[in-house]
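Descriptive analysis of the structure
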Amino acid sequence: AAGVIQSPRHLIKEKRETATLKCYPIPRHDTVYWYQQGPGQDPQFLISFYEKMQSDKGSIPDRFSAQQFSDYHSELNMSSLELGDSALYFCASSPTYRGQDNYGYTFGSGTRLTVV
Amino acid sequence: AQKVTQAQTEISVVEKEDVTLDCVYETRDTTYYLFWYKQPPSGELVFLIRRNSFDEQNEISGRYSWNFQKSTSSFNFTITASQVVDSAVYFCALSENTGGFKTIFGAGTRLFVKA
């Protein structure tokens, strides 16, 4: 079965550079979530999109922005990168209907961003 | 507000021992989902189980079992006859309707299984 695809898997950037992470949800999933997991931390919710509109916002820095496109894939843009942005970034997708037997919420394998 | 507490930061056991990872959650929703994820050193989040708030049946899957008790807001995870390959960080997580179904994770429990 198709899973959530994240690219790239690994990314190394220098301070003050810009990075773009991409997420391709499972087909027919219309909701995308982004999470950030710092070293030794639990994943923290950043932002979510439903039908190309922002649906919820967590602890996302102002230097970060995200959007969901017409094909439902999403991109997380990070500017003026700082050392502290080094983390695993997970994307998850789900369908609107989350029934008991068809919850469908699935995480991607993550993008490991290293800022040097 | 939703919250997940995993009081055990690290647990160390010897292979073949049984180990229970505790999880306590807080939510005001009546509709919510609870999860356990395994995160090996490679970093991916491996889905282990999902439970919805209306299903308190305990579940067993091979060496893994889960005990969901709404009365104590707990969703504990037991590994029977642990193996070295079980060494990982285990996250308990909560997803609720009013939270837009975003997932809130506990701090994680790092399990070391020694040969």
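The text that follows walks through the structure, step by step, so that each part is easy to find. From a predicted model like this one, the values you see are computed outputs, not experimental measurements.

With respect to the overall build of chain B
Each helix and strand counted, chain B has 0 helices and 12 strands in total. Since a compact globule built from 115 residues should have a radius of gyration of about 13 Å, the 14 Å found for chain B is in line with a globular shape. With the principal axes as the frame, chain B shows a C-alpha extent of 45 × 25 × 20 Å. Expressed as a percentage of the 115 residues in chain B, the buried residues total 50%. Taking the intrachain contacts of chain B between residues at least 6 apart in sequence as the baseline, contacts between residues at least 24 apart amount to 55%. Total accessible area on chain B stands at roughly 5400 Å², and carbon and sulfur atoms take up 50% of it. Positive and negative side-chain charges of chain B, numbering 11 and 13 respectively, have mean locations separated by a distance of 3 Å.

Section: the layout of surface pockets
Once rolled over the atoms, a probe with the size of a water molecule shows which space is left empty. Size it by volume and the largest pocket reaches roughly 470 Å³. Lining the largest pocket are 26 residues, with A:Gln37, A:Gly40, B:Gln39, B:Val89 and B:Arg110 sitting closest to its centre. Elements represented by at least two residues in the lining of the largest pocket include exactly β9 (87-94) and β11 (111-115) of chain A together with β10 (88-96) and β12 (109-114) of chain B. Along the lines of polarity and charge, the residues of the lining of the largest pocket split into 12 nonpolar, 11 polar and 3 charged. Taken as a whole, the second largest pocket spans an internal volume of roughly 200 Å³. Contributing to the lining of the second largest pocket are 14 residues, with A:Thr106, A:Phe107, A:Gly108, B:Leu45 and B:Phe47 lying nearest its centre. Contributing elements (two or more residues each) for the lining of the second largest pocket: β10 (106-107) of chain A together with β5 (32-39) and β6 (46-52) of chain B. Across the lining of the second largest pocket, the residue classes tally to 8 nonpolar, 4 polar and 2 charged.

What about the interface of chain A and chain B?
Each side of the interface is counted separately: chain A has 20 residues, and chain B has 21 residues. Carbon and sulfur atoms supply 54% of the area buried between chain A and chain B, which totals about 1600 Å² over both sides. Linking chain A to chain B there are 1 salt bridge. With a closest N to O distance of 2.9 Å, A:Asp56 and B:Lys102 form a salt bridge. Linking chain A with chain B are 3 residue pairs in polar contact (both at pLDDT 80 or more), by the criterion used here. By residue number, the principal contributor to the side of chain A that touches chain B is strand β4 (residues 31-37) of chain A, which donates 3 residues. Here the residues of the side of chain A that touches chain B are counted per class, giving 9 nonpolar, 6 polar and 5 charged.

Thoughts on the state of the cysteines
In protein chemistry, a disulfide is the covalent bond that joins the sulfur atoms of two cysteines. Enumeration over the complete set of coordinates arrives at 2 disulfides over all chains. Paired by a disulfide, A:Cys23 and A:Cys91 hold their sulfur atoms 1.8 Å apart. Its torsion about the S-S bond being -60 degrees, the disulfide of A:Cys23 and A:Cys91 is classed as left-handed. Separated by 68 residues along the polypeptide, A:Cys23 in strand β3 (residues 19-24) and A:Cys91 in strand β9 bring together distant segments of the chain. The same class applies to A:Cys23 and to A:Cys91, which are both buried. In this model, B:Cys23 is linked to B:Cys92 through a disulfide, with the two sulfur atoms separated by 1.9 Å. On the sign convention where negative means left-handed, the S-S torsion of about -65 degrees between B:Cys23 and B:Cys92 marks this disulfide as left-handed. Of this pair, B:Cys23 sits in the loop between β3 (19-21) and β4 (24-26) while B:Cys92 sits in strand β10, placing them 69 residues apart in sequence.

Describing unusual backbone geometry
A negative phi angle is the norm for most residues apart from glycine, just as the trans form is the norm for most peptide bonds. Residues and elements named next belong to chain A. Each neighbour pair has its own omega, and for Ser7 with Pro8 the value is -10 degrees, a cis peptide bond. One can find Pro8 in the loop between β1 (5-7) and β2 (10-13). Non-glycine residue Glu51 carries a positive phi angle of around 50 degrees. Take Glu51: it is sitting in the loop between β5 (44-50) and β6 (53-57).

Parameters and conventions
- Residues numbered from 1 in each chain as written.
- Chains lettered and ligands numbered in written order.
- Predicted model: local features only at pLDDT ≥ 70, side-chain atom pairs only at ≥ 80, totals over all residues.
- Heavy atoms only, no water.
- Helix = DSSP H or I, 4+ residues; strand = E, 2+ residues; numbered from the N terminus.
- Rg over C-alpha atoms; globule rule 2.2 N^0.38 Å.
- Buried < 20%, exposed > 50% of the residue type's maximum accessible area, 1.4 Å probe, protein only.
- Contact = heavy atoms within 4.5 Å.
- Areas by Shrake-Rupley, 256 points an atom, 1.4 Å probe, with all protein chains shown as cover.
- Lys, Arg positive; Asp, Glu negative; His and termini not counted.
- Charge placed at Lys NZ, Arg CZ, Asp CG, Glu CD.
- 1 Å grid on protein atoms, 1.4 Å probe; cavity = no way out; pocket = protein on both sides within 12 Å on 5 of 7 lines; lining within 4 Å.
- Points joined across faces, edges and corners; volume = space filled by probe spheres on them.
- Nonpolar A, V, L, I, M, F, W, Y, C, P; charged D, E, K, R; others polar.
- Buried area = accessible area lost by both parts, 1.4 Å probe.
- Salt bridge = Lys/Arg side-chain N within 4 Å of Asp/Glu carboxyl O.
- Polar contact = N/O pair within 3.5 Å; in protein donor to acceptor, adjacent residues only side chain to side chain.
- Disulfide = S-S within 2.5 Å.

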